[in-house]
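# Working through the structure, step by step
What follows is each chain in one-letter form.
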Amino acid sequence: NEIAPYGLRAVICPGTQRERDYVEAMIDAGIAAVVFLSSSNTVRNADPVARQLLQARGIPFLCVNGGFPDTPSPVFSTDDWRAAEMAVAHLYDLGHRRIGMCAGPVGNTPADRRVEGFVQAMDRREIANPEDFVVRQYYNIEGGRHAAEELLQLGVTAIVASSDDMALGAMRAIQRAGLRIPADISVIGYNDSYMLDFTDPPLTAVRQPVERIAENTTRAIVALTANRSLPLAEVLIDPEFRLRGSTAPVTVK
């Protein structure tokens, strides 16, 4: 636990459905600060009550992977535009031109940024109509499978997924279509969870810089609880590229 040496203890409240209830309970318990991580800070037009309660009580908060557009706060995010560029650049260098994206849902900040980065990366390489090769789905295996099924119908030779779960779903769709990874279709995941070394083949992925985000978040929380001011501009942290066995040069047909 990164904050333990500072006399602080983390309490994790999962999901966004009961965010207001969690915040109310934590306020009553005397919390020092709050970190919004993959919560209402990443959802467009989310219920503002939780952060309004914190503001009313003078409890500081910060955000990870997207901030509140109408409520300035410290924000530490993976550079999702850079992540998309890294994935497209790798596939382009392997000769791929028909590259598709299994993207997360519309209105989710990281998903929207990854799509924007993907389109920009394709545009820079003068690949026509990249928006036509983006399929939006849920961030899970089933979402990745359904998105990949659509992309295979478009004749893609490579797929960039917006999460590892979506990448696993894409791999399932490719294999069910009787195609081989990476001989027929290359696949890149996103997040780089530990399980990717054990997939067949091991999955190439863009890795979120979790440790550096945690370090920045810890320093910010300590500063906020000490009533020190912090810059409110979002800090973008570069991701890393992990090359494994799920990408290969495009097959000439």
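Summary of the structure given here. (Residues numbered from 1 in each chain as written. Predicted model: local features only at pLDDT ≥ 70, side-chain atom pairs only at ≥ 80, totals over all residues. Heavy atoms only, no water.)

Below, the discussion takes up the overall build of the protein chain. For the protein chain, the helix and strand inventory stands at 7 helices and 10 strands. Its C-alpha atoms give the protein chain a radius of gyration of 20 Å, near enough to 18 Å, the size a compact globule of 253 residues would have. The principal-axis extent of the C-alpha atoms belonging to the protein chain is close to 65 × 35 × 30 Å. A total of 253 residues make up the protein chain; the buried ones form 50% of that total. Counting contacts in the protein chain only where the partners sit at least 6 residues apart, residues at least 24 apart contribute 72% of the total. Carbon and sulfur atoms provide 50% of the accessible area of the protein chain, an area that totals close to 12,600 Å². (Helix = DSSP H or I, 4+ residues; strand = E, 2+ residues; numbered from the N terminus. Rg over C-alpha atoms; globule rule 2.2 N^0.38 Å. Buried < 20%, exposed > 50% of the residue type's maximum accessible area, 1.4 Å probe, protein only. Contact = heavy atoms within 4.5 Å. Areas by Shrake-Rupley, 256 points an atom, 1.4 Å probe, with all protein chains shown as cover.)

Another aspect to go through is the nonpolar core. Where a protein is soluble and globular, its nonpolar side chains tend to be buried together. Counting residues in hydrophobic clusters, the biggest one holds 23 residues, and the most contacted among them are C102, I159, I174 and V187. For this core, the elements supplying multiple residues, two or more each, are α5 (141-153), β6 (158-161) and α6 (164-176). With 7 residues, α6 is the single largest residue contributor to this core. Non-local contacts of I159, meaning those with residues more than four positions away in its chain, are made with G100, C102, A148, L151, A170, I174, I185, S186, V187 and I188. Within the second largest apolar cluster, 20 residues are counted, among which are L91, A121, I127 and A158. (Core = buried A, V, L, I, M, F, W, Y, C linked by side-chain atoms within 4.5 Å.)

Turning our eyes to something else, we now look at the packing of helix α3 (residues 80-93) against helix α4 (residues 109-124). Remark: α3 packs on α4, axes separated minimally by 7 Å, with the N-to-C direction vectors making an angle of 45°. The orientation of α3 relative to α4 falls into the category oblique. For the pair α3 and α4, the sense of crossing is right-handed. Contact residues: D80, W81, A84, E85 and V88 in α3; P110, R113, R114, E116, G117, F118, Q120, A121, M122 and R124 in α4. A breakdown of the residues in the contact of α3 with α4 according to their chemical character gives 7 nonpolar, 2 polar and 6 charged. (Axes fitted to C-alpha atoms, helices over the stretch in contact; angles between N-to-C directions. Parallel < 35°, antiparallel > 145°, perpendicular 65-115°, else oblique. Left-handed = near helix turned anticlockwise from the far one by under 90°. Nonpolar A, V, L, I, M, F, W, Y, C, P; charged D, E, K, R; others polar.)

Contact geometry for helix α1 (residues 19-29) and helix α2 (residues 49-57): axes closest at 8 Å, N-to-C directions at 20°. Our classification of the angle between α1 and α2 gives roughly parallel. Contacts from E19, R20, V23, E24 and I27 in α1 reach V49, A50, L53, L54 and R57 in α2. Broken down by class, the residue content of the contact of α1 with α2 amounts to 6 nonpolar, no polar and 4 charged.

Attention shifts here to the pairing of strand β4 (residues 99-103). With respect to burial, β4 is a largely interior element, 5 of its 5 residues being buried. Burial of β4 is two-sided: the residues I99, M101 and A103 facing one way and the residues G100 and C102 facing the other way are all buried. Examined bridge by bridge, β4 and β6 share 4 bridges and lie parallel to one another. By the bridge assignment for β6, G100 is matched with I159. Where β4 and strand β5 (residues 134-136) come together, 3 bridges link them in parallel fashion. If you follow M101 over to β5, its bridge partner there is V134. (Pairing = 2+ DSSP bridges.)

What follows is about the sheet that holds strand β9 (residues 234-237). Ordered by their spatial adjacency, 4 strands build an open sheet running β1-β2-β3-β9, and the pairing between neighbours is parallel. Two strands in the sheet have a free side with no partner beyond their single neighbour: β1 (34-37) and β9. Averaged over all neighbouring strand pairs, the angle between strand axes comes to 20°, with direction disregarded. By the bridge criterion, 4 bridges tie strand β3 (residues 75-78) to β9 in an arrangement that is parallel. Residue pairing across strands places S77 opposite L236, the latter belonging to β9.

What follows concerns the sheet that holds strand β7 (residues 186-191). Sheets are built from strands that pair by backbone hydrogen bonding, the pairs being arranged parallel or antiparallel. Taken in spatial order, the 6 strands line up as β5-β4-β6-β7-β8-β10 in an open sheet, and their pairing is mixed. What marks the edges here is a single partner per strand, and that holds for β5 and β10 (240-242). Strand-to-strand, the axes of this sheet are offset by a mean angle of 20°, without reference to chain direction. Inspection of the sheet shows β7 paired to strand β8 (residues 204-207) by 4 bridges, in the parallel sense. Within the sheet, the bridge partner assigned to G189 lies in β8 and is A205. Across the sheet, α4 touches β4, β5 and β7, and the angle it forms with β4 is around 170°. Contacts between α6 and the sheet are confined to β4, β6, β7 and β8, with β7 contributing the most and set at about 160° to the helix.

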